[in-house]
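Structural description and commentary
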Amino acid sequence: MKELSVNDKIVTVDDEGFLVNRDDWDEDVARAIAKHLDIPDLDEEQVEIISFMRSYYNKFHAFPILRNVCKQVKQTGACVNNEFVDPMKAWKIAGLPKLDGIHFVTVDGVNYLLEECC
Amino acid sequence: MAVAKLEQLSQSVVQGPSLATGAIPTKDWMDIPVVFKPGNYAFPAKKDKVEYLNSQSGLHFPNARDWSPEDDDWQLPENWKEIIINGLRERLEKFRSLKIFMDCCVRCGACADKCHFFLGTGDPKNMPVLRAELLRSVYRNDFTLAGKVLGRLAGAREVTPEVIKEWFMYSYQCTECRRCSAFCPYGIDTAEVTIVIRELLHLLGIGINWILEPVSNSNRTGNHMGLQPHTFKDNVEFLADDIENLTGVRINPTFNRKGAEVLFITPSADVFAEPGLYTAMGYLILFEHIGLDYTWSTYASEGGNFGLFTNNESMKKLNAKMYAEAKRLGVKWILGGECGHMWRVVHQYMDTMNGPADFLEVPKSPITGTVFHNAASTKMTHISEFTADLFKHNKIKVDKSRNDYLNVTFHDSCNPARAMGLLEEPRYVLKHVVNNYHEMPENTIREQTFCCGSGTGLNTDEIMELRMRSGLPRANAVKYVEEKHGVNMLSCVCAIDRATLTSLMSYWNPNVGVCGISELVGNAIVLDGENRAELDEGLRTLL
């Protein structure tokens, strides 16, 4: 667990960087989580992606198809990887919970693949 | 989990001191304890997952607790020994095959170097003969006269907490691929031994998270990815949008439609992530092209069945939705997508486990009239059989040159190859949709195919190095055709393969991609009324 100080409040993320209390989220919290995950600041493209992820999760309670994310925010097809390297970072910055059976793997630290369970 | 550099890992495999490189063990195997350290074990199932599953009807996952393989004390239930011995007795009575497999091994060693885990780790206990011996020694001790009288002289040993730890280590370094059994003169199915060991461990609350998460998802939503009906539908429709974008043809798939002729079931991963997504686009294009009267189901929304990797009860429960949904919708038969272990379950267990499906008809292709008598009892046909028959009768219009950007080889996925004998059909289909095709060496394909190294729920990232080791024999064969023939695409008919081979290739052969066969079929099909752009990368092209 790690406490991040954002403006006048304290929010908690777990050891992997997932926001513990989803209601704590706002854009400043997102920037704090991003900093915690070594992304110094969020640009417009990144904000679009995490906003879409939040609205997607609210509707579908699932991780989105990444190509779909890019299509919806009108960015190029590998936008999430391009913007965040590890797409799970985008999910964490969006303050969304860890989902069963979903992980991204990398063997070179550069290319992250969503390796679903099966 | 960081993975060792390729040079380091490959040198360690071929030069490190191991049984595979000629080093001689200094101790008897029974005297070598297992040591758990980060990277050599998959994370145990979380307590709340085990509790949830145990609370569900028809499932039995007792003794939930927080524990780590690195703990000295695994907090086994007080009567753990009784549970194990009774559990083994029950299974020896229930599965006659198990008793035979326990009795008849002559330790000829034919299986020893056939296991990808042994080849990749050199660990003697990964020789299938010895992996089975981990259980067999306990069987001898408690269930045979020789073992009771002669003890260790007869290869018997008492079950102890150390034995339980050893079982956990090595039953989760086996992917139940059955390559060893293809070489066993007695036909001992070591996969069934692993299955039984894992079952026994679950009685003590010992299992891994990467398996129990999908099992609980599947129990809750019908599929491993935990997709709810509206999400499943939205994902398939997204694929239809993408197809329209690429080909100009609008496909309108239906869901849960009563009265459809065919129910189509595939792994949920196919409608969730790359490269499975392209395989699913291939299905959609094919069915549109031939005008198949079929429906998807948001309930039977998973072909795969991680229950197979836990115990008999959960496999049975998770699979029951296939027939239940077929009955509810009133379809005539079921068509199954590209999946590996799903076909072991469907082909070998479903009929007796969930059947008889006497409300269904023997599958008959509405396009060609072919009756699939091989599926007379299960009423479920594999997409490769179905597609091969369509090609045989010239019912698919293709332009093979659309796949000319690829040079393809075919990985026989373990279960379709060895558990259902699906060897020719995928190749027959490939022959009709690609011009550039090369087989890997003959001792690595067909019945002798090498596993991806991450099947049976071992595709979790905390054991990435182990996975890269156990996948090396497969990767090595791919490298051979890459260097010799310029192969750049590894095709297969399994969803776990599509995910895990992608990681394996990105490590060992980064210039080789991975795809399902139906992706290549879909890309080659010439749709009526299409307005197709120049697609340099087939269905993967970003427009």
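Per an unreviewed UniProt entry, the recorded name for chain B is Putative sulfite reductase-associated electron transfer protein DsrK, and the organism is Desulfofustis glycolicus DSM 9705.

Per an unreviewed UniProt entry, chain A carries the name tRNA 2-thiouridine synthesizing protein E and comes from Desulfofustis glycolicus DSM 9705. Recorded in UniProt under Sequence similarities (unreviewed entry), the annotation for chain A is "Belongs to the DsrC/TusE family." For chain A, the Subcellular location (unreviewed entry) comment in UniProt is given as "Cytoplasm".

Before going further, it helps to spend a moment on the overall build of chain A. For chain A, the count of helices and strands is five helices and four strands. In chain A, the order of α-helices and β-strands from amino to carboxyl end is β-β-α-α-α-α-α-β-β. Expected size for 118 residues packed as a compact globule is a radius of gyration near 13 Å; at 14 Å, chain A falls within 12% of this value. Projecting the C-alpha coordinates of chain A onto the three principal axes gives extents of approximately 40 × 30 × 30 Å. In chain A, buried positions account for 54% of the 118 residues. Put simply, 47% of the contacts in chain A that link residues at least 6 apart link residues at least 24 apart.

What follows concerns the sheet that holds strand 6 (residues 489-492) of chain B. Residue and element names in this part refer to chain B. If you trace the three strands from one edge of the open sheet to the other, you get 5-6-7, paired in parallel fashion. Sheet topology places strand 5 (408-410) and strand 7 (513-516) at the edges, where each strand pairs with a single neighbour. Taken pair by pair, the neighbouring strands of this sheet meet at an average axis angle of 30°, ignoring direction. The pairing of strand 5 with strand 6 spans three bridges and is classified as parallel. Each residue of the ladder has a partner; that of Val408, found in strand 6, is Met489.

Contacts between chain A and chain B engage 24 residues on the former and 41 residues on the latter. Buried surface at the junction of chain A and chain B, summed over both partners, amounts to about 3,100 Å²; 59% is from carbon and sulfur atoms. Considering only the surface of chain A that becomes buried against chain B, A:Arg67, A:Val107 and A:Cys118 emerge as the three largest contributors, covering 25% of it. For the side of chain A that touches chain B, the elements supplying multiple residues, two or more each, are helix 2 (44-60), helix 3 (66-72), strand 3 (104-105) and strand 4 (113-114) of chain A. In terms of residue class, the side of chain A that touches chain B is built from 13 nonpolar, five polar and six charged.

Applying the stated criterion to the full structure yields one disulfide over all chains. Bridging A:Cys70 to A:Cys79, the disulfide has an S-S length of 2.2 Å. Because the sign of the S-S torsion sets the handedness, a value of about -95° for the bond joining A:Cys70 and A:Cys79 places this disulfide among the left-handed ones. Summary of cysteine pairing: B:Cys105 is not part of a disulfide, and the nearest cysteine sulfur, belonging to B:Cys111, is at 6.6 Å. A disulfide-free cysteine, B:Cys515 has its sulfur positioned 6.9 Å from the sulfur of B:Cys492, the nearest such atom. Exposure remark for B:Cys515: the relative accessible area of 0% places this residue in the buried category.

Calculation criteria
- Residues numbered from 1 in each chain as written.
- Chains lettered and ligands numbered in written order.
- Predicted model: local features only at pLDDT ≥ 70, side-chain atom pairs only at ≥ 80, totals over all residues.
- Heavy atoms only, no water.
- UniProt positions renumbered as here; feature names shortened; annotations may be inferred.
- Helix = DSSP H or I, 4+ residues; strand = E, 2+ residues; numbered from the N terminus.
- Rg over C-alpha atoms; globule rule 2.2 N^0.38 Å.
- Buried < 20%, exposed > 50% of the residue type's maximum accessible area, 1.4 Å probe, protein only.
- Contact = heavy atoms within 4.5 Å.
- Pairing = 2+ DSSP bridges.
- Axes fitted to C-alpha atoms, helices over the stretch in contact; angles between N-to-C directions.
- Buried area = accessible area lost by both parts, 1.4 Å probe.
- Nonpolar A, V, L, I, M, F, W, Y, C, P; charged D, E, K, R; others polar.
- Disulfide = S-S within 2.5 Å.

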